[in-house]
Amino acid sequence: MTDFLDCLKHKYAYIAIGEFKSGCFAEARQLYEKAVSTYTAEGFDGAYLLQEPGSDRGIAIIFWDNPGDMTEHHTKVYDEALSKISHLFAEPPTTGFYEVCSEILPLLAGAMASK
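Residues numbered from 1 in each chain as written. Predicted model: local features only at pLDDT ≥ 70, side-chain atom pairs only at ≥ 80, totals over all residues. Heavy atoms only, no water.

Colleague: Quick rundown of the overall build of the chain? Include the residues and the values.
Modeller: If you tally the helices and strands in the chain, you get 5 helices and 4 strands. Along the chain, helices (α) and strands (β) appear in the sequence α-β-α-β-β-α-α-β-α when read from the amino end. Looking at the chain as a whole, 30% of its 115 residues qualify as buried. If you take every contact in the chain between residues at least 6 apart in sequence, the share linking residues at least 24 apart comes to 75%. Accessible area of the chain: about 8,000 Å², with a carbon and sulfur share of 58%. (Helix = DSSP H or I, 4+ residues; strand = E, 2+ residues; numbered from the N terminus. Buried < 20%, exposed > 50% of the residue type's maximum accessible area, 1.4 Å probe, protein only. Contact = heavy atoms within 4.5 Å. Areas by Shrake-Rupley, 256 points an atom, 1.4 Å probe, with all protein chains shown as cover.)

What follows is the structure, encoded as structure tokens:
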């Protein structure tokens, strides 16, 4: 029964949507990558940083097994990187946690289409 319940677990995504001051996206990207690189595999399930083409607007998505895992991954290096990012924002980003309700992987999508 535990195996079945494990299959029903969903990932969570921490989302930050914001805009950086003009020309600051590249610096923010480096700091984001430094902060996220401090995460260990325990509870961390990947991250993406998206940039709207031709702008300094972006979306950061970090996947977790559960929301508490993010708190457990705060380190001094992570906090230092975030403090360096904060002044680069044009205004504070919008953030939130979301439950991943559906995940469609390429291999699975192809298998489903052939049925």
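Once the structure has been displayed, the description carries forward.
Colleague: Which residues make up the pattern of salt bridges, and what values go with them?
Modeller: Enumeration according to the criterion identifies 5 salt bridges in this entry. Between Lys11 and Asp45 there is a salt bridge, with the nearest N and O atoms lying 3.3 Å from each other. A residue pair is termed long-range when its members are at least 10 positions apart, and Lys11 in the loop between α1 (2-8) and β1 (12-19) and Asp45 in strand β2 (residues 44-51) qualify at 34 residues. With its nearest N and O atoms 3.0 Å apart, the salt bridge here joins Lys11 to Glu103. With a gap of 92 residues between them, Lys11 in the loop between α1 and β1 and Glu103 in the loop between β4 (94-99) and α5 (106-113) connect regions that are remote in the sequence. Residue classification places Glu103 among the partly exposed positions, given a relative accessible area of 43%. (Salt bridge = Lys/Arg side-chain N within 4 Å of Asp/Glu carboxyl O.)

Colleague: Give a description of the pairing of strand β3 (residues 57-64) that names residues and reports values.
Modeller: The side chains of a regular strand alternate between the sheet's two faces. With 6 of 8 residues buried, β3 lies mostly within the body of the structure. Relative to β3, β1 runs antiparallel, the two being bridged by 8 bridges. Considered in β3, the bridge of Ile17 is made with Ile59. Strand direction decides the pairing type here: β2 and β3, joined by 6 bridges, are antiparallel. For Tyr48, the partnering residue across the bridge sits in β3 and is Ile61. (Pairing = 2+ DSSP bridges.)

Colleague: Could you give an account of helix α4 (residues 76-86), with specific residues and numbers?
Modeller: Buried within α4 are the following residues: Tyr78, Ala81 and Ile85. Buried residues of α4, viewed axially, fall in a sector of 70°; they line one side. Of the surrounding secondary structure, the elements contacted by the buried residues of α4 are α2 (25-36) and α3 (67-72). (Arc of directions from axis to C-beta.)

Colleague: Can you tell me about α2, naming the residues and giving the values?
Modeller: Counted at 1.5 Å a residue, the expected span for α2 with its 12 residues is 16 Å, and the 16 Å between its end C-alpha atoms agrees. Buried residues of α2: Phe25, Ala28, Leu31, Tyr32, Ala35 and Val36, and no others. An end-on view of α2 places all buried positions within 130° of arc, on one side of the element. In this structure, α2 carries Ala26 and Gln30 as exposed residues pointing more than 90 degrees from its buried face. Next to the buried residues of α2 lie β2, β3 and α4. (Expected span 1.5 Å × (residues − 1).)

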